[in-house]
Amino acid sequence: MSILVYLEQVEGTIKKSSLEAVSYARAFSEKVGGNVTALALGAIDSAELAKAGVAGASKVLHVEDEKFSEGNVQAHSRAVAAAFEKEGTNTLVLAKSSLGDAVAARLAVSLNAGLVSNVVDLPDTSSGFKVRRSIYTGKAFAETSILTANKILSIKKNAVDLKTDGQEAPVEAFDFAFPDIASVRITATNKATGDILLPEADIVVSGGRGLKGPENWGVLENLAAALGAAVGCSKPVSDLGWRPHHEHVGQTGIKVSPSLYIAVGISGAIQHLAGVNGSRIIVVINNDPEAPFFKAADYGIVGDAFEVLPKLTEAVSALKK
Ligand SMILES: Cc1cc2nc3c(=O)[nH]c(=O)nc-3n(C[C@H](O)[C@H](O)[C@H](O)COP(=O)(O)OP(=O)(O)OC[C@H]3O[C@@H](n4cnc5c(N)ncnc54)[C@H](O)[C@@H]3O)c2cc1C
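Quick look at the structure, then. Within any chain, residue numbers begin from 1 and follow the written order of that chain's sequence. Local features in a predicted model are, by the rule used here, given only for residues with pLDDT of at least 70; side-chain atom pairs are given and counted only at 80 or more, and totals for whole chains, interfaces and linings are based on all residues. For side-chain calculations, the full set of non-hydrogen atoms in the structure is used, while hydrogens and water are omitted.

1. A short note on unusual backbone geometry
Of note, Asn112 is a non-glycine position whose phi angle comes to about 50°, a positive value. Under the scheme used here, helices are H or I runs from DSSP no shorter than 4 residues and strands are E runs no shorter than 2 residues, and both carry numbers assigned from the N terminus. Mapped onto the fold, Asn112 is located in the loop between helix H4 (98-110) and strand S7 (113-119). Phi is positive for Asn118, close to 70°, though the residue is something other than glycine. Structurally, Asn118 can be placed in strand S7.

This is how it looks when you write it as structure tokens:
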């Protein structure tokens with residue numbers, strides 16, 4: 001039996017978190033047997049679809065209709081349900097995200113499936129079907145059993161190593177008509193300004209009150225530009241109007257889980273940590289060696305941000321030459 005993976009795309013690019021979901025499904029299928037089928041919706045070119053094979057898919061189903069390129073939750077849910085039935089599977093894997101959550105919730109009802117979200121480990125099938133999920137913004141784990149025949153697992157971003165040595169996977173056109181759904185239609189999409197969206201960013205550079213004022217953000221933005229990172233900030237920084245609210249990271253702001261989070265002049269209050277502790281590597285730059293953030297850091301630099309940041313930016317730029 002195959003495991004179905006729902007792929008999300010942004011402007012024709014498959015999200016890295018979706019490719020991680022494919023790698024998760026591949027690792028699971030190697031444990032229990034079977035294949036991995038990835039479902040791609042909307043305008044995505046063949047080079048991009050090939051990434052699913054590299055990440056571990058044995059086959060890619062593609063609904064080419066570009067109406068699916070917009071993340072219409074109802075249309076996507078129906079397409080995934082149809083693929084689930086076509087593949088005769090009982091397991092759907094997808095990345096945890098706003099769209100993924102909405103799709104998974106609908107499918108849990110329509111497929112009568114047990115849904116576990118924020119999964120961080122492969123299922124334990126030695127007795128029943130148990131999965132480990134991250135809870136309380138990453139501070140604890142819960143062991144959850146799924147009792148239904150159909151199962152949906154949404155995978156926490158960065159919890160799985162992305163497979164990079166998979167085989168080329170055949171792409172099959174999946175003929176599924178965009179459903180005529182009267183209740184909701186996306187009429188326009190206005191994106192937040194900024195080159196890299198914070199929730200999706202693989203690298204985030206965040207500044208706190210230690211940067212003293214909005215006029216000093218240039219040093220932080222230079223490092224972010226050199227790294228190809230998104231820019232974030234602590235809550236007081238956005239409350240003070242130094243930075244826009246959509247950059248505010250933490251319990252009451254955006255939760256990020258990049259591969260690399262660099263916190264500059266941020267003390268590391270528990271409410272800030274709640275939004276960043278899904279990050280794979282945390283680097284803290286702070287002039288106070290007692291700053292609480294150092295306890296959560298993988299690497300720390302005790303120093304003045306205004307001295308450290310230009311040097312770091314220079315070093316990163318030199319590495320890229
Ligand atoms: C209900 C509630 C919800 C909250 N939600 C959030 C949230 O979602 N996100 C969030 O961020 N906060 C949140 N907060 C606020 C949180 O408790 C902290 O007050 C806040 O995170 C502190 O921001 P900061 O680290 O930028 O500032 P500060 O605490 O003032 O820390 C500044 C840091 O900069 C360092 N520094 C100073 N000068 C330099 C320099 N030149 N070079 C290097 N380092 C320097 C200092 O040593 C210090 O550690 C919340 C609070 C409450 C009560």
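2. A word on the sheet that holds strand S14 (residues 260-264)
The criterion for strand pairing is that DSSP finds at least two bridges linking the strands in question. With respect to topology, five strands assemble into an open sheet ordered S13-S12-S14-S15-S16, the strand pairing being parallel. What marks the edges here is a single partner per strand, and that holds for strand S13 (230-233) and strand S16 (299-302). Ignoring strand direction, the axes of neighbouring strands in this sheet form an average angle of 15°. Pairing of S14 with strand S15 (residues 281-286), which is carried by five bridges, proceeds in the parallel orientation. Bridge assignment links Val264 to a residue of S15, and that residue is Ile285. By definition in these notes, contact holds between two residues if any of their heavy atoms fall within 4.5 Å. The axes used here are C-alpha line fits, helices contributing only the stretch in contact, and every angle between their N-to-C directions lies in the interval 0 to 180 degrees. Along the sheet, helix H5 (residues 217-227) makes contact with strand S12 (203-207), S13 and S14, crossing S12 at roughly 175°. Against the sheet, helix H9 (residues 305-320) contacts S14, S15 and S16, and its axis sits at roughly 135° relative to S15.

3. Quick word on the site of the ligand
In the vicinity of the ligand lie 26 residues, with Ser234, Thr252, Ser267, Gln271 and Asn286 positioned nearest. With respect to the ligand, the backbone of Ser267 contributes an N or O atom lying 2.7 Å from an oxygen atom. In protein, a polar contact means a hydrogen-donor-capable atom and an acceptor-capable atom, both N or O and within 3.5 Å, with residues adjacent in sequence counting only if both atoms are side-chain atoms; elsewhere, any N or O pair within 3.5 Å suffices. In this structure, a nitrogen atom belonging to the ligand sits 3.2 Å away from a main-chain N or O atom of Asn287. A total of 980 Å² of accessible area belongs to the ligand in isolation, and the protein chains cover 75% of it. In this text, near means that some heavy atom of the residue lies within 4 Å of the molecule or strand in question. With residues, only the protein chains shown are counted as cover, and all accessible areas are computed by Shrake-Rupley using a 1.4 Å probe.

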